Amino acid sequence: MAERPPAERGSFGRGFGGRGGRGDRGGRGRRRGGRKEEEEKWVPVTKLGRLVKDGKISSVEQIYLHSLPIKEYQIIDTLIGPGLKDEVMKITPVQKQTRAGQRTRFKAFVVVGDGNGHVGLGVKCAKEVATAIRGSIILAKLSIIPVRRGYWGNKIGKPHTVPCKVTGKCGSVTVRMVPAPRGAGIVAARVPKKVLQFAGIEDVFTSSRGSTKTLGNFVKATFDCLLKTYGFLTPDFWKETRFVRSPFQEYTDLLAKPTSKVLIAEVHDE
Amino acid sequence: MGGGGGGVLLGMPGPWADDNREPSDFYTSKIGGLPDWPFPVENLAPNLLICGTCGSKLCLVSQVYAPISSGTSNIEDRTILVFGCIIPNCGNTPLSWRALRVQKVDSERESSVSAEEEVPSTPPVPVSKANWLDDDSDEDIDLEALSKALSEAGTMASHSKKKDGNQRSESAVKNSTLVARTGVDMEMPGKSLIHSNQVVPCFYMYTQEPSSKDIVSSVCSNYSELFIKEKQNCDYNDDEMGDAGEQEVYEYDKALSADRTYLKFKKQLDAYPDQCFRHLYGGKPLLATAELGDPGNCKLCGGFRHFEMQLMPQLISFLLEGADDCQKIVLENWNWMTLVVYTCPKSCSNKLDRGKSTNSGWIVAEEAVLVQFEKTLQESIHTGYFS
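Here the structure is a predicted model, which is why all the values come from computation and not from measurement.

K.L.:
I tried to follow the overall build of chain A on my own but got confused; where do I start?
P.N.:
Check the secondary structure of chain A and you find 10 helices and eight strands. In chain A, of all internal contacts separated by at least 6 residues, the share reaching a separation of at least 24 is 59%. With the model as given, the accessible surface of chain A reaches about 13300 Å², and the carbon-plus-sulfur share is 52%.

Written out as structure tokens, the structure is:
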């Protein structure tokens with residue numbers, strides 16, 4: 001397979017369908033009519049969801065900054081929205097032996113990402129392929145993480161590679177990522193390359209070990225590796241943190257101040 | 001969880017009330033507003049409506065008409081009321097929530113109640129006093145005499161002073177805030193005046209049975225059928241299945257910050273994003289986190305309590321739509337995921353209550369409400385995707 005620039009994602013087909021079918025999902029969805037709109041309605045369940053729906057949180061970084069758990073996938077849809085692309089890595093049947101024969105279910109691996117520092121991985125087993133794919137897209141959105149990018153050498157232009165050597169492990173598979181100079185491209189096997197493209201990393205050298213044939217472990221090891229990029233303490237972070245108020249505190253304090261005076265005035269007016 | 005949970009009833013939001021304090025019927029299901037007591041509210045023990053954490057008056061959060069028509073018992077007049085505390089920093093402890101079951105006891109007791117029928121006629125009397133601006137002591141004395149007259153008719157003498165305070169506030173609450181203030185002052189002078197006449201915004205509800213088809217289709221609705229067919233047509237069997245590498249095994253659903261229990265909870269909510277409560281008498285609750293407290297035993301008969309209904313967090317979003325600023329502070333602070341109400345399976349009533357016949361045949365029993373909160377930051381720290 002020839003090297004591809006990271007901008008073109010998934011235009012080759014591994015038999016899993018091209019970008020065209022997925023690209024206008026938004027349009028196709030909305031054309032469906034009345035019943036669709038009713039089902040697209042989102043009533044938030046968590047406090048964070050209510051803040052996001054009201055538009056009080058403008059970017060996902062505010063959520064990551066305070067390590068707030070994201071419990072609703074609609075939050076990600078609202079904040080990242082149309083920039084988010086997804087791809088099914090693999091659909092494999094898993095079987096369970098029962099007295100009446102074998103029961104087969106399908107396991108789908110889906111990677112979502114916006115190509116600019118956010119990537120998520122979802123795994124779902126279900127009796128039908130379609131259900132597994134849809135479910136894993138939702139789980140992938142719930143597991144979106146920020147990816148830290150840095151420089152190989154001179155700090156010119158935008159960050160393009162991992163900031164340092166990081167390694168991730170899952171099962172027997174370990175994946176190691178090493179910073180690469182610009183123009184090197186993603187030097188990796190087909191599976192982690194897909195994940196790294198979604199993450200928005202342009203150049204990186206990788207090395208893997210273990211039974212990489214098990215795609216589940218391989219892709220999870222890569223994901224774990226990306227998770228660690230923001231966990232690595234570099235000298236940039238030595239400066240003391242200036243703590244900012246979390247969105248929960250910020251928006252409740254705002255409302256608390258002016259109204260209490262109004263209430264007291266009302267009662268005394270009687 | 002197939003088939004819509006097997007007979008569960010969902011409460012869907014209906015129209016807003018024109019006024020948050022408008023009275024409706026004992027048989028109406030609604031969120032917020034004022035409770036519709038079927039008996040004069042001065043007969044209610046006042047400690048039932050006091051917050052366990054901060055001591056202020058609880059506000060009605062939901063009133064659900066829940067008759068039972070199962071084999072042994074057939075109780076038509078039965079309602080579950082859930083009360084919550086609306087002091088801004090007090091909504092997030094389990095003690096700030098209370099559930100009451102109001103039901104009519106057996107009708108054979110009604111014959112002894114006939115002497116009490118003049119009790120409901122007394123509320124109109126204090127309304128004329130609502131516009132007085134005099135100090136409280138005068139009104140106290142008059143109502144003391146009134147209540148003594150009532151107690152001669154057989155009501156409990158011990159409730160007299162507090163009953164009258166509540167009676168005035170309930171009947172004249174629309175007229176002026178002054179009346180509500182005096183009602184509260186009689187019990188707790190010097191208490192904050194700000195929240196004495198607050199009510200939660202009110203809207204009515206209707207019930208609906210879920211259909212199992214909807215649950216699956218809602219998950220699928222966002223994705224084009226054509227896209228899915230593309231995936232299915234591709235050859236997913238070409239992966240190396242037959243060789244000796246590690247085989248993929250079944251994995252339970254997992255996300256970074258959501259475990260299997262929560263994902264099942266969310267799936268049911270997404271099927272009907274409007275649901276405000278779920279009612280399944282004697283069924284299993286839909287939990288958001290796997291741990292749940294113990295509901296304890298019924299206070300009247302000592303028997304084990306079973307699940308009856310639970311309130312869902314979508315109602316907070318709906319209430320926020322209709323709330324004014326001061327109510328919004330309280331509503332935004334609420335971070336519960338679900339309120340699970342456990343009731344006595346026999347819907348028992350105290351024998352003493354039947355003898356008293358103070359409430360014209362109605363009894364009020366306290367039931368258990370367990371709260372499941374959103375996990376705070378400290379509790380939900382995760383070490384990695386695989387932990």
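K.L.:
What is the right way to read the nonpolar core from this model?
P.N.:
Soluble globular proteins tend to pack their nonpolar side chains together in the buried interior. Counting 32 residues, the largest nonpolar core has Trp97, Leu311, Leu315, Trp334 and Trp336 of chain B as the members making the most contacts within it. For this core, the element with the highest residue contribution is helix α8 (residues 314-321) of chain B, accounting for five residues.

K.L.:
What am I meant to see in the domain arrangement of chain A here?
P.N.:
Put simply, an interface is often sized by how much accessible area is lost when its parts join up. All names here are of chain A. The domain boundaries assigned to chain A delineate domain 1 (47-147) and domain 2 (166-234). Once you take the C-alpha centre of each, domain 1 and domain 2 turn out to be 19 Å apart. The interface of domain 1 with domain 2 comprises 22 residues on the first partner and 17 residues on the second. Ranking the residues of domain 1 by area buried against domain 2 places Met89, Leu121 and Val147 at the top, with a combined share of 35%.

K.L.:
Can you walk me through a nonpolar patch on the surface in this structure?
P.N.:
Residues and elements named next belong to chain A. A surface patch of nonpolar side chains, amounting to about 510 Å² of accessible area, comprises Tyr230, Leu233, Phe237 and Trp238. Note on placement: Leu233 falls in the loop between α9 (215-227) and α10 (247-269). Exposure remark for Leu233: the relative accessible area of 59% places this residue in the exposed category.

K.L.:
Just to check I follow, could you spell out the sheet that holds strand β8 (residues 203-208) of chain B for this structure?
P.N.:
One key point about sheets: their strands pair by backbone hydrogen bonds, in either a parallel or an antiparallel sense. All names here are of chain B. Pairing in this closed barrel of 10 strands is antiparallel, and the strands run β1-β8-β2-β3-β6-β7-β12-β11-β10-β9 around the ring. Relative to strand β9 (residues 277-279), strand β1 (residues 9-16) runs antiparallel, the two sharing three bridges. Its bridge partner lying in β9, Gly11 is registered against Phe277. On the sheet, α8 packs against β1, β2 (30-31), β3 (59-65), β8, β10 (306-311) and β11 (336-343) and is oriented at approximately 0° with respect to β1.

K.L.:
Which parts of the structure should I look at to understand the packing of aromatic side chains?
P.N.:
Between two aromatic rings, the relevant description is the distance of the centres plus the angle of the planes. Residue and element names in this part refer to chain B. By the definition in use, this model includes 12 aromatic pairs over all chains. When the centroid spacing of 5.4 Å and the interplanar angle of 90° are considered together, the rings of Tyr250 and Tyr252 count as edge-to-face. Since its relative accessible area comes to 34%, Tyr250 is described here as partly exposed. When the centroid spacing of 6.1 Å and the interplanar angle of 40° are considered together, the rings of Tyr262 and Phe265 count as tilted. Taken together, the residues span about one helical turn, with Tyr262 and Phe265 both in helix α7 (residues 260-271) at a distance of three residues. Following the ring pairs from residue to residue traces out a cluster consisting of Phe26, Tyr27, Tyr65 and Trp362.

K.L.:
Looking at this model, I keep getting lost on the UniProt feature "domain: S5 DRBM" (unreviewed entry) in chain A. Mind explaining?
P.N.:
In the UniProt entry, the feature "domain: S5 DRBM" (unreviewed entry) is given for residues 84-147 of chain A. Secondary structure across residues 84-147 of chain A comprises 22% helix and 59% strand; the distance between its end C-alpha atoms is 15 Å.

K.L.:
Help me understand the packing of helix α8 (residues 190-199) of chain A against α9 of chain A, please; the structure alone is not making it clear to me.
P.N.:
To characterise two packed helices, one gives the angle between the axes of the helices and the distance between these axes. Residues and elements named next belong to chain A. Here α8 crosses α9 at 35°, and the two axes come no closer than 9 Å. Both α8 and α9 take part in a crossing whose hand is right-handed. In this structure, α8 contributes Val191, Pro192, Val195, Leu196 and Ala199 to the contact, and α9 contributes Leu215, Phe218, Val219, Thr222 and Leu226. Across the contact of α8 with α9, the residue classes break down as nine nonpolar, one polar and no charged.

K.L.:
Which parts of the structure should I look at to understand a positive patch on the surface?
P.N.:
Residue and element names in this part refer to chain B. Among the surface-exposed residues, Arg260, Lys264, Lys267 and Lys284 lie close enough to one another that they form a single positively charged patch. Its place among the elements puts Lys264 in helix α7. On the accessibility criterion, Lys264 (40% relative accessible area) is partly exposed.

What counts as what
Residues numbered from 1 in each chain as written. Chains lettered and ligands numbered in written order. Predicted model: local features only at pLDDT ≥ 70, side-chain atom pairs only at ≥ 80, totals over all residues. Heavy atoms only, no water. Helix = DSSP H or I, 4+ residues; strand = E, 2+ residues; numbered from the N terminus. Contact = heavy atoms within 4.5 Å. Areas by Shrake-Rupley, 256 points an atom, 1.4 Å probe, with all protein chains shown as cover. Core = buried A, V, L, I, M, F, W, Y, C linked by side-chain atoms within 4.5 Å. Buried < 20%, exposed > 50% of the residue type's maximum accessible area, 1.4 Å probe, protein only. Domains from an automatic or database assignment. Buried area = accessible area lost by both parts, 1.4 Å probe. Patch = residues over 30% accessible without salt bridge, like charges linked within 9 Å, V, L, I, M, F, W, Y side chains within 5 Å. Salt bridge = Lys/Arg side-chain N within 4 Å of Asp/Glu carboxyl O. Pairing = 2+ DSSP bridges. Axes fitted to C-alpha atoms, helices over the stretch in contact; angles between N-to-C directions. Phe/Tyr/Trp six-rings, centres within 6.5 Å; stacked < 30°, edge-to-face > 60°. UniProt positions renumbered as here; feature names shortened; annotations may be inferred. Left-handed = near helix turned anticlockwise from the far one by under 90°. Nonpolar A, V, L, I, M, F, W, Y, C, P; charged D, E, K, R; others polar. Lys, Arg positive; Asp, Glu negative; His and termini not counted. Charge placed at Lys NZ, Arg CZ, Asp CG, Glu CD.

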